[in-house]
Amino acid sequence: MTDSRNAPTTLEVSLGDRSYPIHIGPGLLGDPQWLSPYLAGRQVMVVTNEMVAPLYLDRLTRGLAGDLEVRTLVLPDGEATKTLASVERIWDALLAAGFNRRCTLVALGGGVIGDMVGFAAACYQRGVAFVQVPTTLLAQVDSSVGGKTGVNHPRGKNMIGAFWQPRAVLVDTDTLATLPPRELSAGLAEVVKYGLIRDAEFLAWLEAEMLALRGLDAAALTRAIERSCWLKAEIVAEDETEQGVRALLNLGHTFGHAIEAHQGYGAWLHGEAVGAGMLMAAELSCRLGWLTQAEVARTRAIIEAAGLPLAAPAEMGVDDFLAIMRLDKKNLDSRLRLILLRELGEACIHDETPPETLAALIEAFPRR
């Protein structure tokens, strides 16, 4: 039975006949009532990585009872493995097992696993079902929701992929108990992002509760996850394929992705790079006359309180940033599009930043 500590919360990503639930609560991982309804047929492939498998793979598969044909695949861990070669391993395993179009892939792990499994599902036999079971805070509040799937390319992050929605997202909050502090902080970057772009009241709550969040307080984390998922679901329902408002979810990401690509995927965690990138976006917003110095200081303080970097890599110059940022997927007609802040709690898409203003911001930003 479901853990009695708290009844799970269920949110919905409203996408017509492709709508799906996000179930949030403790003890969901091994309870078949939360996963079984979303299986397309008898064939189930659970894909995870070497870090997560010893912790949660047996618990999840034990909950898959009955006459199901359950296979598992354990991949190496890390952002550096988010490649087409890893996705090919998933396809190879599916073909070797003779899995058909009614199979279901289950992504058990963080954002890397979720993105790769979703992309594999989008392409295998032109599209099969998959379910997200995120085990990191970053995946629970962001990457598992919304159907963005894909892999990295040496020239740019997430440049190869597809929009492919899961059948459900199961957020077992108990998995955060085993999350290393650095990974927790990386996830908090995405939580802070929601407050900055769309919910000033939530941002203020995060400022007050950051110590509790970093201390793994269950009630605080659950509230943060629920609000983040609600905001993400609302935005995805408005703009599934990022033709407009969904781009706001990329606050800090254009700068952050440049850091990740330049440093080699995995040297900086995604959330760490986004944390620094959000501060760069805030400071650029100030230079454009939108944020005050006090608001930038407030942004810096919450990013620091979350345990995130306040500086870019020492060896990255202006040209390094700009060369990678020009490959960003949001850019249109060779114009660099950035997500900036009109005020705290209100983001905007901006593609008219004077080149000299952007270069000056990058040049002046602290290095470490």
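Residues numbered from 1 in each chain as written. Predicted model: local features only at pLDDT ≥ 70, side-chain atom pairs only at ≥ 80, totals over all residues. Heavy atoms only, no water.

Within an unreviewed UniProt entry, the label attached to the chain reads 3-dehydroquinate synthase, and the organism entered is Halomonas aestuarii. The record in UniProt for the chain states the following under Catalytic activity (unreviewed entry): "7-phospho-2-dehydro-3-deoxy-D-arabino-heptonate = 3-dehydroquinate + phosphate". Among the UniProt annotations of the chain, the heading Function (unreviewed entry) holds the following wording: "Catalyzes the conversion of 3-deoxy-D-arabino-heptulosonate 7-phosphate (DAHP) to dehydroquinate (DHQ)." (UniProt positions renumbered as here; feature names shortened; annotations may be inferred.)

**Some remarks on unusual backbone geometry**
Located in the positive-phi region is Gln125, a residue other than glycine, with phi close to 50 degrees. Secondary-structure assignment places Gln125 in the loop between helix 4 (111-123) and strand 6 (129-134). Phi is positive for Arg126, close to 65 degrees, though the residue is something other than glycine. You can see Arg126 is positioned in the loop between helix 4 and strand 6. For Arg126, a relative accessible area of 73% gives the class exposed. (Helix = DSSP H or I, 4+ residues; strand = E, 2+ residues; numbered from the N terminus. Buried < 20%, exposed > 50% of the residue type's maximum accessible area, 1.4 Å probe, protein only.)

**Observations regarding helix 13 (residues 355-364)**
Taken residue by residue, helix 13 has Thr357, Leu358, Leu361 and Ile362 as its buried positions. For helix 13, the angular spread of buried residues about the axis comes to 130 degrees, placing them on one side. Exposed side chains of helix 13 directed beyond 90 degrees from the buried face belong to Pro355, Glu356, Glu363 and Ala364. Buried residues along helix 13 sit in contact with helix 9 (253-263), helix 10 (270-287), helix 12 (318-325) and strand 10 (338-343). (Arc of directions from axis to C-beta. Contact = heavy atoms within 4.5 Å.)

**A closer look at the pairing of strand 6**
For strand 6, the tally of buried residues reaches 6 of 6 residues, placing the bulk of the element in the interior. Because side chains alternate across strand 6, one face comprises the buried residues Ala129, Val131 and Val133, and the other comprises Phe130, Gln132 and Pro134, equally buried. Bridge analysis of strand 5 (residues 104-109) against strand 6 gives 6 bridges, and the strand direction is parallel. Pairing of Thr104 across the sheet is with Ala129, part of strand 6. Handedness of the crossover is the feature at issue here: the chain leaves strand 5, passes through helix 4, returns alongside strand 6, and the resulting connection is right-handed. (Pairing = 2+ DSSP bridges. Right-handed = clockwise from strand over helix to strand, strands pointing away.)

**Observations regarding the domain arrangement of the chain**
Along its sequence, the chain is carved into domain 1 (9-176) and domain 2 (181-364). Relative placement of domain 1 and domain 2: their C-alpha centres are 26 Å apart. Between domain 1 and domain 2, the residue contacts involve 33 residues of the former and 34 residues of the latter. Here domain 1 meets domain 2 over a buried area of about 2,800 Å², counting both sides, of which 66% is carbon and sulfur. Among the residues domain 1 hides against domain 2, the three largest losses belong to Leu137, Val141 and Lys157. Together they make up 22% of the total. Taken together, domain 1 and domain 2 are joined by 5 salt bridges. Linking Lys193 and Asp142 is a salt bridge whose minimum nitrogen-to-oxygen distance equals 3.0 Å. (Domains from an automatic or database assignment. Buried area = accessible area lost by both parts, 1.4 Å probe. Salt bridge = Lys/Arg side-chain N within 4 Å of Asp/Glu carboxyl O.)

**Let's talk about the side chain of Asp239**
Along the chain, Asp239 turns up in the loop between helix 8 (218-238) and helix 9. Buried within the structure, Asp239 lacks any salt-bridge partner; its nearest side chain of opposite charge belongs to Arg246, at an N-O separation of 6.7 Å. A polar atom in the side chain of Asp239 sits 3.1 Å from the backbone nitrogen of Val245. Of note is the side chain of Asp239, whose polar atom sits 2.9 Å from the backbone nitrogen of Arg246. When residues no more than four places from it in sequence are discounted, the contact partners of Asp239 are Gly244, Val245, Arg246 and Ala247. (Lys, Arg positive; Asp, Glu negative; His and termini not counted. Polar contact = N/O pair within 3.5 Å; in protein donor to acceptor, adjacent residues only side chain to side chain.)

**A look at empty space enclosed by the protein**
Tallying each qualifying case throughout the model produces 2 cavities of 30 Å³ or more. Lining the largest cavity we find Arg155, Gly156, Lys157, Met159, Thr254, His257, Ala258, Ile324, Met325, Leu327, Asp328 and Lys329. At the level of elements, strand 8 (156-163), helix 9 and helix 12 are the ones that each hand at least two residues to the lining of the largest cavity. Each residue belonging to the lining of the largest cavity can be placed in one class, and the counts come to 5 nonpolar, 3 polar and 4 charged. Both domain 1 (9-176) and domain 2 (181-364) contribute no fewer than three residues apiece to the lining of the largest cavity. Approximately 30 Å³ is the volume attributed to the second largest cavity. The wall of the second largest cavity is formed by Asn250, Gly252, His253, Thr254, Phe255, Ala281, Leu338, Ile339 and Leu340. Elements represented by at least two residues in the lining of the second largest cavity include exactly helix 9 and strand 10. Looking at side-chain class alone, the lining of the second largest cavity contains 5 nonpolar, 4 polar and no charged residues. (1 Å grid on protein atoms, 1.4 Å probe; cavity = no way out; pocket = protein on both sides within 12 Å on 5 of 7 lines; lining within 4 Å. Points joined across faces, edges and corners; volume = space filled by probe spheres on them. Nonpolar A, V, L, I, M, F, W, Y, C, P; charged D, E, K, R; others polar.)

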